[in-house]
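As a plain string of letters, each chain reads:
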Amino acid sequence: MMRITTNGTLHTYQSNLLKTSNQLYSAMSKLMTHRNFDSYSADPAGATRAFKIHSSLNATRTQYANNTTVTSKFETAYQVEQGVLRSLEELAQEPALAGLNSPGWSVLDSYAQVLRSGADSIVQSLNAKYDDAFLFNGAETGEPPFAIETDNSQNPPVEVLTFRGWKVDVPDNNDTYLDLDGNPVTNPDTGANYTNAEVLEKLGEMTDETLYVDLGLGFTTDANGDVIPSSAFNSALSGLDFTGFGLDDDGDPQNVVSVLLRLADVYEGYDTDTGWGAAGNFDDASRLVGKFTDAQNRMIDANVSLTAQADYLGTNESRLTSTFDALDTERSNIEDIDEVDAIMELSWAQTCYNAALQVGANVIPQSLMDYMR
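Residues numbered from 1 in each chain as written. Predicted model: local features only at pLDDT ≥ 70, side-chain atom pairs only at ≥ 80, totals over all residues. Heavy atoms only, no water.

A. How the structure looks around the overall build of the chain. Helices and strands together make up the secondary structure of the chain, namely nine helices and seven strands. Of all 373 residues assigned to the chain, the portion counted as buried reaches 35%. Long-range pairs, those at least 24 residues apart, make up 65% of the contacts in the chain between residues at least 6 apart in sequence. Approximately 20900 Å² of the chain is accessible, and the part contributed by carbon and sulfur atoms is 50%. (Helix = DSSP H or I, 4+ residues; strand = E, 2+ residues; numbered from the N terminus. Buried < 20%, exposed > 50% of the residue type's maximum accessible area, 1.4 Å probe, protein only. Contact = heavy atoms within 4.5 Å. Areas by Shrake-Rupley, 256 points an atom, 1.4 Å probe, with all protein chains shown as cover.)

Rendered as structure tokens:
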């Protein structure tokens, strides 16, 4: 025969009351926090998976922010290039063509001034900044990339376009490159003077500079620590891609700014009494106007290419949004409660707790003081 003692009854009751209290607290906590668990020990498997999902969500959130920033940068660059193309039509195309008509030769000086204004306007636009960095300076964003400067190495001195201090109109030969003051420039790697061909190659390298951004393409590096190009997006923009550089087979500039400056020199050299000057004649002016049209078309193509990149960024933004939504749904399934189930669980826990209290009132023996009352 089993003997049930008062102490045993009290111990069992206290244990059950504590258990129902904990269940009630847990149910109330779930409903208030909307979380299935508050500690790793509560659900180790779920917590481990949730941790990985949170890490992916944070990465996706950062990639989305990067994508938004780069998209804004490219949209700004597109608008700047559109403004340059409009400037070419308004400030360059009309005076360039008008200067070829003999009735307008008496005002060629005025046309030349307009052409120089157009060149200045283009340079100012291409030195535009976005977020305190120069848009069209490749990976080097700290200094204005373009400038119109006087080249004293030529006789007579002429105005030329420079990119980061390097003359843009460089022939592809092995002659020694001369700076704006007519001095050779030493190559720090070889100790020898730069040749024109080496400077032309250097300008090409500037157009190929990279500024990689993680946009969710699997950002990885190789054994040397260099970013694998297919795993990142190159956000660097070089103005040389837009304007062009170097000389063509006729020895004429391939960038539109220098074409305008040379055409302005030819127009300014015309005298109504003596005719065309040393800077060039009508044939030279006609040829340069044709080169202006070619350079203008190349700039339009470059602008279209920028549009394609902006479209890609828009598509990538949609992909990142879908990825984030899918991850957040999976996280919610693991961490977030079902409110209906949580309310039913709380109601049941409250019922159990009330029952435990009622059992205590009926089962626990009263003390002498209870009788005295």
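Next comes the rest of the description.
B. Expanded view of the environment of His 54. Take His 54: it is sitting in helix α2 (residues 44-98). For His 54, a relative accessible area of 32% puts it in the partly exposed group. In this structure, His 54 is in contact with Arg 331 and Glu 335, ignoring residues within four places of it in sequence.

C. Summary view of helix α6 (residues 256-268). With 13 residues, α6 ought to run about 18 Å at 1.5 Å a step, and its terminal C-alpha atoms sit 18 Å apart, in line with that. Of all the 13 residues making up α6, 10 are buried; the element is thus mostly covered by neighbouring parts of the structure. (Expected span 1.5 Å × (residues − 1).)

D. Quick look at the pairing of strand β3 (residues 146-151). Of the pairings in the sheet, the one linking β3 to strand β4 (residues 158-163) comprises six bridges and is antiparallel in character. By the bridge assignment, Ile 148 is partnered in β4 with Leu 161. Where β3 hands over to β4, the hairpin turn is made up of six residues, counted between the paired strands. (Pairing = 2+ DSSP bridges.)

E. View of the pattern of salt bridges. Within this structure, the stated rule accounts for 14 salt bridges. Of the charged contacts in the structure, one is a salt bridge between Asp 132 and Lys 129, with a shortest N-O distance of 3.2 Å. Residue Lys 129 is classed as partly exposed on the basis of its relative accessible area, which comes to 45%. One salt bridge in this structure joins Arg 287 and Asp 284, with 2.9 Å as the shortest N-O distance. Of this pair, Arg 287 and Asp 284 both sit in helix α7 (residues 282-335), three residues apart, which is roughly one turn of that helix. Residues participating in the shared-partner salt-bridge network are Asp 248, Asp 250, Asp 252, Arg 262, Asp 284, Arg 287 and Lys 291. (Salt bridge = Lys/Arg side-chain N within 4 Å of Asp/Glu carboxyl O.)

F. Main features of the sheet that holds strand β5 (residues 166-167). Strands sit in the order β3-β4-β5 across an open sheet of three strands; the sheet is antiparallel. Strands with a single pairing partner mark the edges of an open sheet, and in this sheet they are β3 and β5. Pairing of β4 with β5, which is carried by two bridges, proceeds in the antiparallel orientation. Of the residues in β5, the one forming a bridge with Thr 162 is Lys 167.

G. Layout of the packing of aromatic side chains. Counted under the stated rule, the structure contains seven aromatic pairs. The interplanar angle of 85° and the centroid separation of 5.4 Å between the aromatic rings of Trp 166 and Tyr 194 together place this pair among those described as edge-to-face. You can see Trp 166 sitting in strand β5 and its partner Tyr 194 sitting in the loop between β5 and α4 (196-207), a full 28 residues away along the chain. Like Trp 166, the residue Tyr 194 is buried in the burial classification. Across the ring face of Tyr 177, the terminal group of Lys 167 is positioned such that the distance to the ring centre comes to 5.4 Å. (Phe/Tyr/Trp six-rings, centres within 6.5 Å; stacked < 30°, edge-to-face > 60°. Lys NZ or Arg CZ within 6 Å of the ring centre and 35° of its normal.)

H. The arrangement of the layout of surface pockets in detail. There is about 620 Å³ of room inside the largest pocket. Taken together, 29 residues form the lining of the largest pocket, with Gln 154, Pro 156, Val 158, Val 160 and Arg 262 sitting closest to its centre. At the level of elements, β4, α6 and α7 are the ones that each hand at least two residues to the lining of the largest pocket. Ranked by the residues each element gives to the lining of the largest pocket, the list is headed by α6, at five residues. Each residue belonging to the lining of the largest pocket can be placed in one class, and the counts come to 14 nonpolar, six polar and nine charged. In this structure, the second largest pocket occupies an estimated 270 Å³ of space. As for the second largest pocket, its lining consists of 19 residues, and the residues nearest its centre are Leu 237, Ser 238, Asp 241, Leu 306 and Gln 309. (1 Å grid on protein atoms, 1.4 Å probe; cavity = no way out; pocket = protein on both sides within 12 Å on 5 of 7 lines; lining within 4 Å. Points joined across faces, edges and corners; volume = space filled by probe spheres on them. Nonpolar A, V, L, I, M, F, W, Y, C, P; charged D, E, K, R; others polar.)

I. Highlighting the packing of α2 against α7. Put simply, α2 and α7 touch, their axes get as near as 8 Å, and they point 160° apart. When the interaxial angle is binned, α2 and α7 end up roughly antiparallel. Judged by the twist between their axes, the crossing of α2 over α7 is left-handed. Taken together, the residues of the contact of α2 with α7 break down into 25 nonpolar, 16 polar and nine charged. (Axes fitted to C-alpha atoms, helices over the stretch in contact; angles between N-to-C directions. Parallel < 35°, antiparallel > 145°, perpendicular 65-115°, else oblique. Left-handed = near helix turned anticlockwise from the far one by under 90°.)

J. The arrangement of the packing of α6 against α7 in detail. Where α6 contacts α7, the axes come no closer than 9 Å and their chain directions differ by 160°. The orientation of α6 with respect to α7, classified from their angle, is roughly antiparallel. Seen along the crossing, α6 lies across α7 with a hand that is left-handed. In this structure, α6 contributes Val 256, Val 259, Leu 260, Arg 262, Leu 263, Val 266 and Tyr 267 to the contact, and α7 contributes Ala 285, Leu 288, Val 289, Lys 291, Phe 292, Ala 295 and Met 299. Its residues placed into classes, the contact of α6 with α7 shows 12 nonpolar, no polar and two charged.

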